[in-house]
Amino acid sequence: MDYDLIVIGSGPGGYTAAIRAAQLGLKTAIVERELLGGICLNWGCIPTKALLKSGEVYAQLSHLADYGLSAEKPAFDFTKVVARSRAVAKQLNGGVAYLMKKNKITVIEGVARLEAGRPAPKVIVRPAKGGPEQTLQAKAVILAVGARAKEIPQIGLKGDGETVWTYRDAMTPKACPKSLLVVGSGAIGIEFGCFFNALGAKVTVIEALDRILPVEDAEVSAAAQKAFEKRGLTFRTGAKVTRLEAGGAGVRIKVEAGSKTETLEAEKAIVAVGITANIEDIGLEALGVAIDRGHVATDASCATNVPGLYAIGDVAGPPWLAHKASHEGVHAAEVIAGRAGPHLAAPIPGCTYSQPQVASVGMTEAQAKETGRKVRVGRFKFSANGKAIAAGETEGFVKTVFDADTGQLLGAHLLGGEVTEMIQGFAMAMTGELTEAEIMGTVFPHPTMSEAMHEASLDAYGVVLNA
Ligand SMILES: Cc1cc2nc3c(=O)[nH]c(=O)nc-3n(C[C@H](O)[C@H](O)[C@H](O)COP(=O)(O)OP(=O)(O)OC[C@H]3O[C@@H](n4cnc5c(N)ncnc54)[C@H](O)[C@@H]3O)c2cc1C
């Protein structure tokens, strides 16, 4: 045995699994073909948040008078905005290298594939710097190879690096486009839309479903759309893209909405219609690894149907979120080390770092009702929250969904400033299976926007205090 565990892919799933395995005493190696930290740190969560922060600060400058302030001619240097984002990504990439070293994890730079082996598949690595392939055998292998942008080339929804961007291109453009079409209104599409809009691009977001951010509670989708429109974004919902054509001065996208057809034009377009798991060219077919709707199928231990092979993160299916990947990584490492691992079915919060932000955990009101439960729903607007008024962040609200029979918190849905920092309170409440009594009996610090979480819970039981 070369190792107890080999992890393939060093995104938040893979590198976290490797650290936990090393902590538990497993001799661990991690194989990465590109950059330590995966999509999340290099091309996803982190660099987008750096861009969004620049956009947010710049947008705030046009509201300085609201705060009794003024500044002369706010401006931006787009190259520096992008450079800052890349520097942030590089810093975190270096951070993962440090963590690997600190935990005595062997980092192997190269492209891995699997072949039959015992007690786990063999890992064959083609070194990134050339040279002969290396064959490694471990007691267990974790596949954490992630996903990439989904494309639909049949109708032209395909990045070309110039005029039609996938998320990678959208993160490193040379200049801010004057006009932009975003296909897809999930978190990624909305975040890019908000960023380029904040820097002055005329942005239109096209969504095939009847509302934006379709995984969110319907009330949040509606209020978020209004808030984004107020900032200048335009939307086409219930609008199916039938053709994207690029060339000449820019992009033309044909959309069908009911019986109407329309051609939208812009300088650039972003394709943000979802992601596709990286399941090709790793030897999965030859090993007979079960695939479910394009993802590696796993059981409640993150194990695949092939002995010794585990899969975590984006390659193992939705939700495609970094914290889901790392949670599964810890779970898989613990199972491999002979432990029970943390509860895999813990509720997974989802966040969109738009302006205003969106955050949610658990069931929407509609989903809760579909289960046949009787529900109690509470709401509290930030316009009635002291801290929000003081901060000038009065847009949005908190919505809670409780089981009317048991008092169990089933879901929470937030729109507003910094709600992505608040959702964790509800996630902890749900993981701890708290009921309305404990949430209502919790003391929330004053003045904070989190008081709206308390009030929305009180409202569900008809005892809201400040509304
Ligand atoms: C623009 C954007 C913004 C996002 N924002 C957020 C956010 O705010 N919050 C959030 O939770 N999620 C966000 N995500 C999603 C998040 O990035 C992913 O859910 C997360 O990165 C998945 O982690 P992972 O470990 O499964 O895989 P990845 O991070 O995709 O890492 C997989 C790694 O495996 C490597 N690899 C693949 N094949 C091989 C091979 N054969 N051999 C060796 N190495 C290989 C890849 O090079 C890659 O480094 C965002 C994604 C995008 C694209």
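Residues numbered from 1 in each chain as written. Predicted model: local features only at pLDDT ≥ 70, side-chain atom pairs only at ≥ 80, totals over all residues. Heavy atoms only, no water.

## Concerning the overall build of the protein
So, point 1. Scanning the protein from terminus to terminus reveals 14 helices and 24 strands.
So, point 2. Relative to the globule expectation of 23 Å for 467 residues, the C-alpha radius of gyration of the protein, 23 Å, shows essentially globular dimensions.
So, point 3. Overall size of the protein, expressed as C-alpha extent along the three principal axes, is 65 × 60 × 50 Å.
So, point 4. Within the protein, buried positions represent 50% of all 467 residues. (Helix = DSSP H or I, 4+ residues; strand = E, 2+ residues; numbered from the N terminus. Rg over C-alpha atoms; globule rule 2.2 N^0.38 Å. Buried < 20%, exposed > 50% of the residue type's maximum accessible area, 1.4 Å probe, protein only.)

## As for the pattern of salt bridges
So, point 1. The final tally for this structure, using the stated rule, is 24 salt bridges.
So, point 2. Of the charged contacts in the structure, one is a salt bridge between Asp77 and Lys80, with a shortest N-O distance of 3.9 Å.
So, point 3. A relative accessible area of 60% means that Lys80 is categorised as exposed.
So, point 4. In this structure, the salt-bridge partner of Lys324 is Glu328, at a minimum N-O distance of 3.2 Å. One end of the pair is Lys324 and the other is Glu328, both in helix H9 (residues 322-336) and four residues apart, which spans about a single turn.
So, point 5. Among the residues examined, Lys324 registers a relative accessible area of 4% and is labelled buried.
So, point 6. One connected set of salt bridges, linked through shared partners, spans Asp217, Glu219, Glu365, Lys369, Arg379 and Lys399. (Salt bridge = Lys/Arg side-chain N within 4 Å of Asp/Glu carboxyl O.)

## A few points about the packing of aromatic side chains
So, point 1. If you walk through the whole model with that rule in mind, you get eight aromatic pairs.
So, point 2. By way of ring pairs, the aromatic residues Phe78, Trp165, Phe192, Phe195 and Phe196 are connected into one cluster.
So, point 3. One cation-aromatic arrangement involves Lys27 over Tyr3; the distance from NZ or CZ to the ring centre is 5.1 Å.
So, point 4. Geometry around Trp43 places Arg86 over its ring, the cationic atom sitting 3.9 Å from the centre. (Phe/Tyr/Trp six-rings, centres within 6.5 Å; stacked < 30°, edge-to-face > 60°. Lys NZ or Arg CZ within 6 Å of the ring centre and 35° of its normal.)

## Some details on the sheet that holds strand S14 (residues 260-266)
So, point 1. The strand order across the open sheet built from three strands is S12-S13-S14, with neighbouring strands paired in antiparallel fashion. Each of the sheet's edge strands pairs with one partner strand only, and the pair in question is strand S12 (240-247) and S14. The mean inter-strand angle of the sheet, taken between neighbouring strand axes irrespective of direction, is 15 degrees.
So, point 2. Sheet topology places strand S13 (residues 250-257) next to S14; seven bridges connect them, and they run antiparallel. When the bridges of S14 are listed, Val251 appears paired with Ala266. (Pairing = 2+ DSSP bridges. Axes fitted to C-alpha atoms, helices over the stretch in contact; angles between N-to-C directions.)

## Describing the sheet that holds strand S11 (residues 234-236)
So, point 1. One open sheet holds the five strands; their spatial order is S8-S15-S9-S10-S11, and the pairing between them is parallel. The sheet is open, and its two edges are formed by strand S8 (164-165) and S11, each paired on a single side.
So, point 2. Sheet analysis places strand S10 (residues 202-206) next to S11, joined by three bridges and oriented parallel. Paired with Thr204 across the strands is Thr234, a residue of S11.

## Some words on the site of the ligand
So, point 1. As a matter of local geometry, the ligand sits amid 38 residues, with Gly13, Glu32, Lys49, Asp314 and Ala322 nearest to it.
So, point 2. Contact between the ligand and Arg33: a nitrogen atom at 3.2 Å from a main-chain N or O atom of the residue.
So, point 3. Residue Leu321 places a main-chain N or O atom 3.2 Å away from an oxygen atom belonging to the ligand.
So, point 4. Broken down by secondary-structure element, the contributors of at least two residues to the shell around the ligand are helix H1 (12-23), strand S2 (28-32), helix H2 (38-43), helix H3 (45-61), strand S3 (106-115), helix H5 (167-171) and H9. (Near = heavy atom within 4 Å. Polar contact = N/O pair within 3.5 Å; in protein donor to acceptor, adjacent residues only side chain to side chain.)

## Description of the pairing of S10
So, point 1. Among the five residues that make up S10, four are buried, leaving the element largely enclosed by the rest of the structure.
So, point 2. Where strand S9 (residues 179-183) lies against S10, five bridges are found, and the strand directions are parallel. Within S10, the residue paired with Leu181 across the bridge is Thr204.
So, point 3. Following the chain from S9 across helix H6 (residues 187-198) to the adjacent parallel S10, one finds a crossover that is right-handed. (Right-handed = clockwise from strand over helix to strand, strands pointing away.)

## Points about helix H12 (residues 419-431)
So, point 1. Over its 13 residues, H12 runs 19 Å from end to end, which matches the ideal 18 Å to within 8%, given 1.5 Å per residue.
So, point 2. Residues of H12 that are buried: Val419, Thr420, Met422, Ile423, Phe426, Ala427, Ala429 and Met430. The buried residues of H12 all sit within an arc of 160 degrees when viewed along its axis, so they share a single face. Among the exposed residues of H12, those pointing more than 90 degrees away from its buried face are Glu421 and Met428.
So, point 3. One or two steps after H12, the chain reaches Glu433, where phi turns positive at roughly 50 degrees. (Expected span 1.5 Å × (residues − 1). Arc of directions from axis to C-beta.)

## Re the domain arrangement of the protein
So, point 1. When the domains of the protein are assigned, the result is domain 1 (3-148 + 276-336), domain 2 (153-273) and domain 3 (356-460).
So, point 2. Taking the mean C-alpha position of each, domain 2 and domain 3 sit 30 Å from one another.
So, point 3. Across the contact, twelve residues belong to domain 2 and twelve residues belong to domain 3.
So, point 4. Between domain 2 and domain 3, a total of about 1000 Å² is buried, with carbon and sulfur atoms accounting for 56% of that surface. (Domains from an automatic or database assignment. Contact = heavy atoms within 4.5 Å. Buried area = accessible area lost by both parts, 1.4 Å probe.)

## Considerations on the packing of H1 against H9
Between two packed helices, both the angle of their axes relative to each other and the distance between the axes serve to describe the pair.
So, point 1. Across the interface, H1 lies against H9 with an axial gap of 7 Å and an inter-helix angle of 30 degrees. The angle between the axes of H1 and H9 places the two elements in the roughly parallel class. Between H1 and H9 lies a crossing of right-handed hand. Counting all contacts with H1, which are made through Pro12, Gly13, Thr16, Ala17, Arg20 and Ala21, the residues of H9 involved are Ala322, Ala325, Ser326, Gly329, Val330, Ala333 and Glu334. (Parallel < 35°, antiparallel > 145°, perpendicular 65-115°, else oblique. Left-handed = near helix turned anticlockwise from the far one by under 90°.)

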